[in-house]
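Overview (structure and organization)
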Amino acid sequence: MSVDVEMNGKADADNTTFADTELPAGRYCFHVGAGGQLVILVEERGESQVDRVYSPAAWRSVRGDVWRKGALLQS
């Protein structure tokens, strides 16, 4: 699975994709913080690590697996 992010101010062809094939182990997932920040995470063996954070104004929508309350929820 990958995480696809539609960024504000970019054409649809310029969306940002985080593909699991780029990782030696683990996979990408995301979490939306209380303030609207989009947090891209790498999940490996039940643990998550922050890869990148976008401000609420930087992104429009996101698709992929969700990290919520310490667990990976697959879409």
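Residues numbered from 1 in each chain as written. Predicted model: local features only at pLDDT ≥ 70, side-chain atom pairs only at ≥ 80, totals over all residues. Heavy atoms only, no water.

1. Overview of unusual backbone geometry
Although it is not a glycine, Arg45 sits at a positive phi angle of roughly 55°. Along the chain, Arg45 falls in the loop between β4 (38-44) and β5 (47-54). In this structure Arg45 comes out as exposed when scored by relative accessible area, which is 74%. (Helix = DSSP H or I, 4+ residues; strand = E, 2+ residues; numbered from the N terminus. Buried < 20%, exposed > 50% of the residue type's maximum accessible area, 1.4 Å probe, protein only.)

2. Let's talk about the sheet that holds strand β1 (residues 2-7)
Spatially, β2-β1-β6 is the arrangement adopted by the 3 strands of the open sheet, whose pairing is antiparallel. The open sheet is flanked by β2 (16-19) and β6 (59-63), the only strands paired with a single partner. Adjacent strand axes in the sheet meet at a mean angle of 15° when their direction is disregarded. Strand direction decides the pairing type here: β1 and β6, joined by 4 bridges, are antiparallel. Bridge pairing in β6 links Asp4 to Arg63. (Pairing = 2+ DSSP bridges. Axes fitted to C-alpha atoms, helices over the stretch in contact; angles between N-to-C directions.)

3. Overview of the packing of aromatic side chains
Counted according to the given criterion, the structure contains 1 aromatic pair. For the pair Phe18 and Tyr28, a centre-to-centre distance of 5.4 Å together with 50° between the ring planes defines the contact as tilted. Taken together, the residues span a long stretch of sequence, with Phe18 in strand β2 and Tyr28 in strand β3 (residues 27-32) at a distance of 10 residues. A relative accessible area of 3% means that Phe18 is categorised as buried. (Phe/Tyr/Trp six-rings, centres within 6.5 Å; stacked < 30°, edge-to-face > 60°.)

4. Focus on the pattern of salt bridges
Counted by the stated rule, this structure contains 6 salt bridges. Note that Glu6 is salt-bridged to Arg63, the shortest N-O span being 3.0 Å. Of this pair, Glu6 sits in strand β1 while Arg63 is found in strand β6, placing the two residues 57 residues apart along the sequence. Owing to a relative accessible area of 16%, Glu6 belongs among the buried residues under this scheme. (Salt bridge = Lys/Arg side-chain N within 4 Å of Asp/Glu carboxyl O.)

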